[in-house]
Amino acid sequence: HAKVIDLGDGVTLMPGLIEPHTHPLAAALMSRVVDVSGFNHGDRASVLAALKSAVGKTKGGRWIVAFGWDPAMVEGLHAPSLAELDAIAPANPLMVMTQTMHTIFVNTLAYQEVGVTRDTPSPGGTGSFDKDEDGALNGTVRETPAISRFRAKLGSFPSEVYEYLLATQYDDYARHGYTTIASAGAPPVVDGHLEILRNTAMHPGTPLRTFVYVLDGIMASRFEDAGSSEGRYRVLGIKLHIDGSPYAGGMAMREPYLETPLSVGALGIPAGSRGHLNYSDERLFEMVAGHHRAGRQLSAHVQGERAMDQYLDAIEAALGEVPRPDHRHRLEHNALITDAQLARAARLGVTPSFYMDHVHLYGRALSSGIVGPERAARFMPLGWAKKNGHRFSVHTDTPSSPLGPLRVM
């Protein structure tokens, strides 16, 4: 007695898909800036031509923002010098963000707009205003603590403008088959970003559910009711960045990066570097224990083996103090997680989500120029996760790579 519904020619009914790690507001904004990505540019000349074209269409004094600079995808795309950026945009502050969003390149006018000089100290943590051998600013700015200085100067629009852009981005998620997304560490790209995200997510016309992890230290008071649900919007917990990007030199590995023209030259990774951890053991243990005691779910960016060890050590210590059988703390990205670490994570109840486009988009660069063939061959080891009994997920980390659930699967 089943009811049969014929959807007609060319129509397919699909299950609703979940995007467990994305950045909706950042994706909405980055879709409106100058595209210099490897998805649309095959060489350095094409990238620079896109920047020059944007400058030619922009009134003097106005900021120009570009997104997608990607030397791991575009062969020969070495970092621009400050003099080169000044020549491209002599009358406009210019900010070019890499595809990973962990590094930006800026010109002299951009430095002047935000008040950064050669004597400005780096903001601490992993953030830096890079300098040349003479101590002069060289146009490169690394990691969120430093990049946020420039983001804050880009100006702002009424919240309705951002909500419109975000609604358009939500429609794009829906067109790709998603019915649920997780905003994994909503970055403060504009003032009131969490309110904008909540207003859009709870609008009656929004086609999907939204789960949110906020960055540690941002509006922590929100988490007094972290488990409460408001319609299609729910705050689940905290996002931590244990290490950084493989392509900005931040992946905390046991062995160093290769010393190649790509890693040392185009990516600017110091020779002999093994990446970096963003927290001391003491600080991370304190943070993890506090959020765990408060009943919050933890979502942690981890790429290298040292980052995995540090985070799992902190989780194990927190569980020893306050056992929680169904905490569902998460491991995000997991580039070089080992078989033993996946076994340990399973034992602790920590679940992995893999950023598969590292292999699809950057496998060649990883093997030949960044970590070498042995480590590249075990990037994103879903087979080990399955063997160790994990219910793992995969994600696109949009806008770090384009939406595309079927591509990722």
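Heads up: the structure comes first, above all this text.
Throughout this document, residue positions are counted from 1 along each chain, in the order its sequence is written. Two thresholds apply to this predicted model, a pLDDT of at least 70 for residue-level local features and 80 or more for giving and counting side-chain atom pairs, whereas whole-chain, interface and lining totals are computed over all residues. Computation of side-chain values: all heavy atoms of the structure, hydrogens and water removed.

J.: Describe a nonpolar patch on the surface, and please don't skip the residues or the numbers.
T.: A grouping of Ile 5, Leu 7, Val 11 and Leu 13 is seen on the molecular surface, where their side chains present a nonpolar patch of about 440 Å² in accessible area. Summarising the element assignment, Leu 7 is placed in the segment before β1 (17-22). By relative accessible area, which is 43% here, Leu 7 ends up partly exposed. For patch building, the residue pool is restricted to those with more than 30% relative accessible area and no salt bridge; the joining distance is 9 Å between like charges and 5 Å between nonpolar side chains (Val, Leu, Ile, Met, Phe, Trp, Tyr). We get accessible surface area from the Shrake-Rupley algorithm with a probe of 1.4 Å; when it comes to residues, only the shown protein chains can shield them. Any Lys or Arg side-chain nitrogen located within 4 Å of an Asp or Glu carboxyl oxygen qualifies as a salt bridge. Segments assigned H or I by DSSP are reported as helices when at least four residues long, segments assigned E as strands when at least two residues long, and all are numbered from the N terminus. Throughout, exposure labels follow a simple rule: accessible area from a 1.4 Å probe, protein chains only, divided by the maximum for the residue type, with under 20% read as buried, over 50% as exposed, and the rest as partly exposed.

J.: Explain the nonpolar core residue by residue, including any values.
T.: Counting 93 residues, the largest nonpolar core has Val 141, Phe 150, Val 288, Tyr 311 and Ile 370 as the members making the most contacts within it. If you tally residues by element for this core, the top one is helix α10 (residues 305-321), at 8 residues. Look past the residues within four positions of Ile 370 in its chain and what remains in contact with it is Pro 246, Tyr 247, Tyr 257, Leu 258, Leu 262, Leu 267 and Ala 365. Residue types Ala, Val, Leu, Ile, Met, Phe, Trp, Tyr and Cys, when buried and joined through side-chain atoms within 4.5 Å, form a set referred to as a nonpolar core. Contact criterion: two residues are considered in contact whenever any of their non-hydrogen atoms come within 4.5 Å of each other.

J.: Could you give an account of helix α12 (residues 357-370), with specific residues and numbers?
T.: Helix span, expected: 1.5 Å multiplied by one less than the number of residues in the helix. The end-to-end C-alpha distance of α12, which contains 14 residues, comes to just 16 Å, noticeably less than the 20 Å that a straight helix rising 1.5 Å per residue would cover. In this structure, the buried residues of α12 make contact with α8 (261-266), β13 (351-355), α13 (373-376) and α15 (405-408). Once α12 ends, the next one or two residues include Gly 372, with phi positive near 90°.

J.: I'd like a description of the packing of aromatic side chains, backed by residues and values.
T.: Each Phe, Tyr or Trp ring (for Trp, its six-membered ring) is paired with any other whose centre lies within 6.5 Å, and the angle between the two planes then decides the class: stacked below 30 degrees, edge-to-face above 60, tilted in between. Here the structure, examined in full by the defined rule, presents 7 aromatic pairs. Seen in terms of ring centroids, Phe 354 and Phe 392 are 5.9 Å apart; in terms of plane orientation they differ by 85°. Their pairing is edge-to-face. Of this pair, Phe 354 sits in strand β13 while Phe 392 sits in the loop between α14 (382-387) and β14 (393-395), and the two are 38 residues apart along the sequence. Judged by relative accessible area, Phe 392 falls into the partly exposed class, the value being 30%. Three or more aromatic residues joined by ring pairs form one cluster here, namely Tyr 111, Phe 129 and Phe 150.

J.: Account for the pattern of salt bridges, naming residues and giving values.
T.: Throughout the structure, instances matching the rule amount to 13 salt bridges. Where Arg 44 meets Glu 84, a salt bridge forms, and the shortest distance between an N and an O atom there is 2.8 Å. Separated by 40 residues along the polypeptide, Arg 44 in helix α2 (residues 44-56) and Glu 84 in helix α3 (residues 82-88) bring together distant segments of the chain. Between Arg 344 and Glu 316 there is a salt bridge, with the nearest N and O atoms lying 2.7 Å from each other.

J.: Any details on the sheet that holds strand β4 (residues 94-98)? Residues and values, ideally.
T.: By this definition, two strands are paired if DSSP reports at least two bridges between them. One open sheet accounts for 6 strands, arranged β2-β3-β4-β5-β7-β6; its pairing is mixed. The two strands at the open ends of the sheet, each matched to only one other strand, are β2 (34-35) and β6 (128-131). With 5 bridges joining them, strand β3 (residues 64-69) and β4 adopt parallel strand pairing. Note that in β4 the partner of Trp 69 across the bridge is Thr 98.

J.: Describe the pairing of strand β5 (residues 103-106), listing the residues and the values that go with them.
T.: Side chains Thr 103 and Phe 105 of β5 all project onto a buried face; the interleaved residues Ile 104 and Val 106 project onto the opposite face, where all are buried too. Here β4 runs beside β5; their pairing, made up of 3 bridges, is antiparallel. Within β5, the position partnered with Val 96 by the bridge is Phe 105. Joining the antiparallel neighbours β4 and β5 is a turn of 4 residues, in which Met 101 adopts a positive phi near 70°. Bridge count between β5 and strand β7 (residues 137-142): 3 bridges; the pairing is antiparallel. The residue of β7 that forms the bridge with Thr 103 is Arg 142.

J.: Mind laying out the side chain of Ser 245, listing which residues take part and the relevant values?
T.: Among the structural elements, Ser 245 can be located in the loop between β10 (233-241) and α8. Setting aside chain neighbours within four positions, we find Ser 245 in contact with Thr 100, His 102, Gly 250, Met 251, Tyr 257 and His 301.

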